[in-house]
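As a plain string of letters, each chain reads:
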Amino acid sequence: MRADRFEPLPDDVLDRWSTFGRWPDRQYFPGLLGLEIEELKADYCRMRLPFRPEHEQPAGVVHGGALATLMDTVVVPAIGSAYGPETQYMTLTMNLSYIGAVREADVVAEGWVTRRGRSTVFCRAEAMCEDRLVMEGSLIYAVREPR
């Protein structure tokens with residue numbers, strides 16, 4: 001795990017992200033899948049996709065779209081750790097490699113920022129299942145303040 005490479009966050013930032021996936025006013029897609037933050041540091045996040053049978057596709061493996069959502073979502077708190085609560089993040093590109101299938105098991109992903117520009121943030125992510133790499137990718141996000 002990479003968490004030890006990143007600095008701790010102030011308590012107010014940790015508090016702001018503590019309800020990620022459990023918004024009080026409505027259900028968003030990450031919450032629908034059950035994604036859970038396990039650890040958050042500056043420019044880093046570890047997140048779990050708990051296994052549910054409804055995540056499977058007919059061949060009996062976890063659907064690639066559920067895994068892609070985990071990868072796309074794990075970098076959001078890592079990106080957001082450096083910005084205020086009103087900042088918006090949008091995926092520009094997401095290049096993912098599926099390395100192994102997942103059968104009836106949780107998946108844990110790590111996402112981290114590799115470089116920040118003025119309005120673009122570059123990230124990497126990896127997903128593990130039972131100590132084996134099942135997915136890796138690079139993601140680029142646009143970051144902007146609301147209008």
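Please refer to the structure higher up on the page.
Residues numbered from 1 in each chain as written. Predicted model: local features only at pLDDT ≥ 70, side-chain atom pairs only at ≥ 80, totals over all residues. Heavy atoms only, no water.

A. A look at the overall build of the protein chain. A count of helical and extended segments in the protein chain gives three helices and six strands. The linear arrangement of helices and strands in the protein chain, starting from the amino end, is α-α-β-β-α-β-β-β-β. Principal-axis analysis of the C-alpha atoms gives the protein chain an extent of 45 × 30 × 30 Å. Split into buried and exposed, the 147 residues of the protein chain put 43% on the buried side. Across the protein chain, contacts joining residues at least 24 apart in sequence account for 66% of those joining residues at least 6 apart. (Helix = DSSP H or I, 4+ residues; strand = E, 2+ residues; numbered from the N terminus. Buried < 20%, exposed > 50% of the residue type's maximum accessible area, 1.4 Å probe, protein only. Contact = heavy atoms within 4.5 Å.)

B. Summary view of the state of the cysteines. Tallied over the entire structure, the rule returns zero disulfides. Cys 45 forms no disulfide, and the closest cysteine sulfur to it belongs to Cys 123, at a distance of 11 Å. We note that Cys 129 lacks a disulfide partner, and the nearest cysteine sulfur, in Cys 45, lies 18 Å from it. (Disulfide = S-S within 2.5 Å.)

C. Here's a closer look at the pattern of salt bridges. Under the criterion given, the structure shown has eight salt bridges. Its salt-bridge partner being Lys 41, residue Glu 39 comes within 4.0 Å of it at the nearest N-O pair. Accessibility expressed as a relative area gives 23% for Glu 39, which makes it partly exposed. (Salt bridge = Lys/Arg side-chain N within 4 Å of Asp/Glu carboxyl O.)

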